[in-house]
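Fold and geometry: a report
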Amino acid sequence: MSNIAVRNPGNDATAPSASRIAKRQRAGAAADKASRKKRALAKPENHLVAYDARSNILNKKLRKLKSSCKSDWKSGWEEQGEFMADICGEIAEWLDDLWNAMMVHGEDPKVIRRCLLRCSEIVRSVRDCNSETEFDDVDADVLIQDQNKHTVFKQESHIDIALQWFWRELLVLFQIKGYNTNGILDDINDFHYYDNVFQWIRTEPEAKEDSRGYPLWDQHWTEAMHEAGKQLIANRDAEDMAEFLKNPTLSIYKILATPALKPRLIDAVQKNIASNMERTVSYSDAVEIYKMNALTDDIVALIPKVSDVPTLGSIAKYLSTQPAKEHKEAGAKVLGDVLLSAKSDVLTELHYAFPNLQDALDWLDGDIIPKIPEAIRMKERHYPYDKIGGTLQKILEKFVQKARATTSRYDEDPLDEDYYENQMYGYGSDSDDESLIYAGREEMRMGPDVQKGITDALLILGEWPDQAEAAAVWDTVRWKNGQDPYGIYGAMDALASECESVKPRVADGIRAMAKTFMCTDLATLQKYMPKRTGYGGMTLPNFRYM
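Residues numbered from 1 in each chain as written. Predicted model: local features only at pLDDT ≥ 70, side-chain atom pairs only at ≥ 80, totals over all residues. Heavy atoms only, no water.

**Examining the overall build of the chain**
Secondary structure assignment for the chain yields 24 helices and 5 strands. Every one of the 546 residues in the chain was classed for burial, and the buried ones make up 47%. By sequence separation, contacts in the chain at least 24 residues apart represent 67% of the contacts at least 6 residues apart. Accessible area for the chain stands at about 27,700 Å²; split by element, carbon and sulfur atoms hold 50% of it. (Helix = DSSP H or I, 4+ residues; strand = E, 2+ residues; numbered from the N terminus. Buried < 20%, exposed > 50% of the residue type's maximum accessible area, 1.4 Å probe, protein only. Contact = heavy atoms within 4.5 Å. Areas by Shrake-Rupley, 256 points an atom, 1.4 Å probe, with all protein chains shown as cover.)

**A short note on helix α9 (residues 223-246)**
Between its first and last C-alpha, α9 extends 35 Å over 24 residues, near the 34 Å set by a 1.5 Å rise per residue. Inspection of α9 places M225, A228, G229, L232, I233, R236, D240, M241 and F244 among the buried residues, and these make up the whole buried set. (Expected span 1.5 Å × (residues − 1).)

**Some details on helix α11 (residues 262-274)**
With 13 residues, α11 ought to run about 18 Å at 1.5 Å a step, and its terminal C-alpha atoms sit 18 Å apart, in line with that. Among the residues making up α11, those that are buried are L265, I266, A268, V269, N272 and I273. Along the axis of α11, the buried positions cluster into a sector of 155 degrees, meaning they face one direction only. Among the exposed residues of α11, those pointing more than 90 degrees away from its buried face are P263, K271 and A274. (Arc of directions from axis to C-beta.)

**Regarding the confidence of the model for the chain**
Scored by pLDDT, the chain has a mean of 83; 80% of the residues are at 70 or more. Scored below 50 in pLDDT, residues 33-45 makes 26 contacts in the model with residues more than four places away or belonging to other chains. Every residue in residues 425-432 scores below 50 in pLDDT, and together they form 2 contacts with partners more than four places removed in sequence or on other chains. (pLDDT = per-residue confidence, 0-100.)

**Focus: the pattern of salt bridges**
In this structure the tally under the stated criterion is 24 salt bridges. In this structure, K61 engages D86 in a salt bridge whose closest nitrogen and oxygen atoms are separated by 2.5 Å. Separated by 25 residues along the polypeptide, K61 in helix α3 (residues 51-71) and D86 in helix α4 (residues 77-103) bring together distant segments of the chain. In this structure D86 comes out as partly exposed when scored by relative accessible area, which is 22%. Close ionic contact of R168 with E169 constitutes a salt bridge, the shortest N to O distance being 2.7 Å. A single salt-bridge network, built from bridges that share partners, covers R54, E90 and D97. (Salt bridge = Lys/Arg side-chain N within 4 Å of Asp/Glu carboxyl O.)

**Side note on the packing of aromatic side chains**
Inspection of every chain in the model, using the stated rule, returns 13 aromatic pairs. Between F174 and Y179 the ring centres are 5.3 Å apart and the planes differ by 80 degrees, which places this aromatic pair in the edge-to-face class. With relative accessibility at 23%, the residue Y179 sits in the partly exposed group. Ring centres 6.1 Å apart and planes at 20 degrees place the aromatic pair W200 and Y214 in the stacked group. Of this pair, W200 sits in the loop between α8 (194-199) and α9 while Y214 sits in the loop between α8 and α9; the two residues are 14 residues apart in sequence, bridging distant segments of the chain. Taking relative accessible area as the criterion, W200 reaches 0% and is therefore assigned buried. Geometry around Y179 places K110 over its ring, the cationic atom sitting 4.3 Å from the centre. The ring of Y51 has R114 lying over it, and the distance from NZ or CZ to the ring centre is 3.6 Å. (Phe/Tyr/Trp six-rings, centres within 6.5 Å; stacked < 30°, edge-to-face > 60°. Lys NZ or Arg CZ within 6 Å of the ring centre and 35° of its normal.)

**Some details on the packing of helix α6 (residues 159-176) against α9**
α9 packs onto α6 with a crossing angle of 95 degrees between their chain directions and a minimal axis gap of 9 Å. With respect to α9, the axis of α6 lies roughly perpendicular. Only A224, M225, A228, Q231, L232 and N235 of α9 make contact with α6, whose side of the interface consists of E169, L171, V172, Q175 and I176. Residues of the contact of α6 with α9, tallied by class, amount to 7 nonpolar, 3 polar and 1 charged. (Axes fitted to C-alpha atoms, helices over the stretch in contact; angles between N-to-C directions. Parallel < 35°, antiparallel > 145°, perpendicular 65-115°, else oblique. Nonpolar A, V, L, I, M, F, W, Y, C, P; charged D, E, K, R; others polar.)

**Here's the deal with the pairing of strand β2 (residues 138-145)**
Here β2 pairs with strand β3 (residues 151-157) via 6 bridges, running antiparallel. Counterpart to A140 in the pairing with β3 is S157. Taken together, β2 and the strand that follows it, β3, pair antiparallel across an intervening segment of 5 residues, in which K149 is found at a positive phi of about 65 degrees. (Pairing = 2+ DSSP bridges.)

**What about the environment of V306?**
Its location among the elements puts V306 in the loop between α13 (296-302) and α14 (309-319). Look at V306 and you get buried, because its relative accessible area is 8%. Note: C-alpha distance between V306 and S284 (22 residues apart in sequence) is 8.5 Å. When neighbours within four sequence positions are excluded, V306 is seen to be in contact with Y283, T311, L312 and I315.

**Digging into the side chain of Q322**
Looking at the element boundaries, Q322 is found in the loop between α14 and α15 (325-353). Side chain to side chain, Q322 and T321 meet in a polar contact 3.1 Å long. When near neighbours in sequence (up to four residues on either side) are disregarded, Q322 contacts T296, H327 and K328. (Polar contact = N/O pair within 3.5 Å; in protein donor to acceptor, adjacent residues only side chain to side chain.)

**Observations regarding the nonpolar core**
Core analysis: the largest hydrophobic core is formed by 84 residues, its most contacted members being F354, F399, L461 and W474. Apart from the residues lying within four places of it in its own chain, the contact partners of F354 are V400, A403, R404, L415, L495, E498 and C499. Within the second largest apolar cluster, 62 residues are counted, among which are A85, W167, V172 and L232. (Core = buried A, V, L, I, M, F, W, Y, C linked by side-chain atoms within 4.5 Å.)

**Quick notes on the environment of I233**
Assignment of secondary structure puts I233 in helix α9. Using a relative accessible area of 11% as the deciding quantity, one classes I233 as buried. Residues I233 and Q199, 34 residues apart in the sequence, show an inter-C-alpha distance of 9.9 Å. Dropping the residues within four chain positions of it, I233 is found in contact with F198, I201 and T203.

**Digging into the environment of A324**
With respect to the element layout, A324 can be found in the loop between α14 and α15. On a C-alpha basis, the gap between A324 and T296 in space is 9.9 Å, while along the polypeptide they are 28 residues apart.

**Thoughts on the packing of α11 against helix α12 (residues 283-292)**
Where α11 meets α12, the axes come as close as 11 Å, and the angle between the chain directions of the two elements is 145 degrees. Every pair of crossing elements has a handedness; the one defined by α11 and α12 is left-handed. Packed against α11, whose contacting residues are V269, Q270 and I273, the element α12 presents Y283, A286, I289 and Y290 at the interface. (Left-handed = near helix turned anticlockwise from the far one by under 90°.)

Structure, rendered in structure tokens:
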């Protein structure tokens, strides 16, 4: 029996609720199960393996699902959800038969492997069928019992969970029988099950669940199976250690980091970092490994080598919590660099969008600013832009036009939609995926999310434990006069408005930079600070309407 929870993709008032779909499925579950079993056993082959019979049934159900997705993608989500649930139910029943064939009746694990491959391939095809129904929301009730009706495995969750568990069973039997496990490990890795399959293998005698909270379901294991599981873990760890020594990564470190192995792992990272030109470990991974082991001096030593802003932000946040004064000071300096880098990224995109910006600024400084009283050109910071009229408004319009690529020096204007039609010509020309070309052009057109760099840095600043230190950092990076750095109120907002339609991300970044870096102190900056919420969420300021 399978249970489905589907997402209603629109506001269709006629779309039934997930509970109503589930209720209808439960009503016919017994009949469906009997019908599937009857068809599966109709073939004159091994009545438990029944590869041809089961595979044919699954293929037919998959074709129905794909046909529905192709002909009725948007409004056929309910039917597609039912098809998905039916496929999962078929697989769940086959897994019960396959386990008994293998563990009770002694069927060769190589035969079972072929069947399990087919189940996993079908699940991958369902996931890739481009349905409006979320396949990850489809749950299957999987029950596997031995010949005495003792429960071996029971789980109401996505069918992937049962498949991962079954791949573990099969892998252990391959190990016991002395079969080469490289092929089956390749299968497991191909379906992206590798880490999860090994989580199902008990490493501690008292363990009852894996790290995800799923029961291990290994009460039926013999001593030979436990020994095989230990050997598989040992083989994996040996391979991972050899790989880690050549190419240290955080993901492998987390797998191998037992108390006995930690010194060797850390030594490998330190030697890899010291190798300079031959370094293979990423600085971000090295920082995280050092943080896990409180190697603060090693982290400080990395600062001059690190250039990517997220890693520098991680370093600054970590150092802010350290007791030693020199570590706090190092962290404060890094935070200042992160804030300046975030501002620099916005300015880089600003100058790309407005190639003549420097000429326009020279025009302001030479021809306009000296002629306008400061009381007019530097209005109060929160004076509503839409109420500024007259001469100042016309000056801003002329300033923006001068900043754009409209002179003979530039053949194309980055704020012209047509400019991006000529970009990335031939990208993906060896494939028929025009959506890939379009997505690449759109990404280039909108520009990078430079606002995120500012809000990420402000989050670290706002959470800095010592507010006096935070205030000192802010004082070194803000615009000193608390006014528009271009010398005329509204200049930056005018530039943001000009690139709004073509480069919305850049426009958001300009507004974020203008409003935050003009703040003279932390108290003024507070209204623009991102705030953490429950469950790992975050509230971000909407600079467009502030």
